[in-house]
Amino acid sequence: APPAAARQPRMLVGLVYNLKPPAAAGDSTIPSDIYAEWDDPNTIAAVRRALEKCHNVVLIEAHGQARQNLIKSRPDIVFNLAEGASGVQREAEIPALLESLDIPYTGSGPATLSLCLDKARTSRILNARGIPTARFALFAPGQAPAFDRFPAIVKPNWEGSSKGILNSSVLSDAADLSREAARIWENYRQPALVEEFLEGREFTVALLGNGPDLEALPIVEISLDCLPPSARRIYSYEA
């Protein structure tokens, strides 16, 4: 008998992604991590090969023509890798578009993505539910930053993939805070989030499914053992 996967009807899967521009690596006018969340051609090709084992795949880049291309190809489901380009709503743009077109997709919905990309808002929601987080303060561009709990760490408030987090992001005093907050404002054009620095190990857990069928996949630890002695024990962009 053929394997179970071969007996299932083949769907048309839309693989939606942001392609990392090839010129970005040599452009000194932009931060080196500005496209850290976008994917290179090898990653996109690998995901496509995996999906093609069971289904037909159409590639759809998440740019200005995405809506027209989705309407034209009308996939049965979208495998969403898109991160968006700018702003706190960027990760929600493709899911919101897919919901307006009544096309199912993988990953979280627009409300979840908008909330979770905003680190300060996420902390406030968790705290309201009785889940403690590191004490923090948020400073808009140009605002005089003041924080009284050192060591601290500063981050762009609306980024992921360790964007904007460097070895120098761990702060010892107010002078460090002023310097690093200014770097965040200049490079990322968004508020700087300052948190008390909590030492610890790094873990991540992937979730598969929805509602009562939700399954937590095995815990993954990000090992920092290979960092040089001079490096902070943080999952920085450099690390």
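Along each chain, the written sequence defines residue order, and numbers are assigned to residues from 1. The model is predicted, so local features are restricted to residues of pLDDT at least 70 and side-chain atom pairs to those at 80 or more, both for listing and for counting; the totals for chains, interfaces and linings are taken over all residues. The basis for every side-chain value is the complete set of heavy atoms in the structure, and neither hydrogens nor water enter the calculation.

Engineer: Where do I start with the pairing of strand E7 (residues 192-196) in this structure?
Structural biologist: Remember that side chains alternate between the two faces of the sheet whenever the strand is regular. Any residue under 20% of the maximum accessible area for its type is buried, any over 50% is exposed, and the rest in between are partly exposed; the area is computed with a 1.4 Å probe on protein chains only. Secondary structure elements follow DSSP: runs of H or I no shorter than four residues count as helices, runs of E no shorter than two count as strands, and numbering proceeds from the N terminus. With five of five residues buried, E7 lies mostly within the body of the structure. Here E7 shows two buried faces, one formed by Ala192, Val194 and Glu196 and the other by Leu193 and Glu195. By definition, two strands form a pair when at least two bridges between them are found by DSSP. As paired strands, strand E4 (residues 136-139) and E7 are joined by four bridges and run antiparallel to one another. Counted as the bridge partner of Phe136 is Glu195 from E7. Bridge analysis of strand E5 (residues 152-156) against E7 gives five bridges, and the strand direction is antiparallel. Looking across to E7, one finds that Ile153 is bridged to Glu195.

Engineer: Help me understand the packing of helix H5 (residues 110-117) against helix H6 (residues 119-128) in this model?
Structural biologist: Angle between the axes and distance between the axes: these two values describe a pair of packed helices. Between N-to-C directions, angles cover 0 to 180 degrees, with each direction set by a line fitted to C-alpha atoms, over the stretch in contact for helices. One can describe the packing of H5 onto H6 by two numbers: an axis separation of 5 Å at closest approach and a directional angle of 100°. When the axis of H5 is compared with that of H6, the two are roughly perpendicular. Side by side, H5 and H6 meet where Leu115, Cys116 and Leu117 of the first sit next to Lys119, Arg121, Thr122 and Ile125 of the second. Amino acid classes used here: Ala, Val, Leu, Ile, Met, Phe, Trp, Tyr, Cys and Pro are nonpolar; Asp, Glu, Lys and Arg are charged; the rest, including Gly, are polar. In terms of residue class, the contact of H5 with H6 is built from four nonpolar, one polar and two charged. Angles below 35 degrees are treated as roughly parallel, those above 145 as roughly antiparallel, those between 65 and 115 as roughly perpendicular, and all remaining angles as oblique. Two residues form a contact once any of their heavy atoms are found within 4.5 Å.

Engineer: What exactly am I supposed to notice about the sheet that holds E4 here?
Structural biologist: Pairing between the strands of a sheet is mediated by backbone hydrogen bonds and can be parallel or antiparallel. Read across the open sheet, the four strands follow the order E4-E7-E5-E6; overall the sheet is antiparallel. Edge positions in the open sheet fall to E4 and strand E6 (170-171), since each of these has one partner strand only. With respect to the sheet, H6 is in contact with E4, E5 and E7, its orientation differing from that of E4 by roughly 145°. This element, helix H7 (residues 174-188), spans E4, E5, E6 and E7 of the sheet and lies at about 10° to E5.

Function cannot be read off these values alone, since they describe shape.
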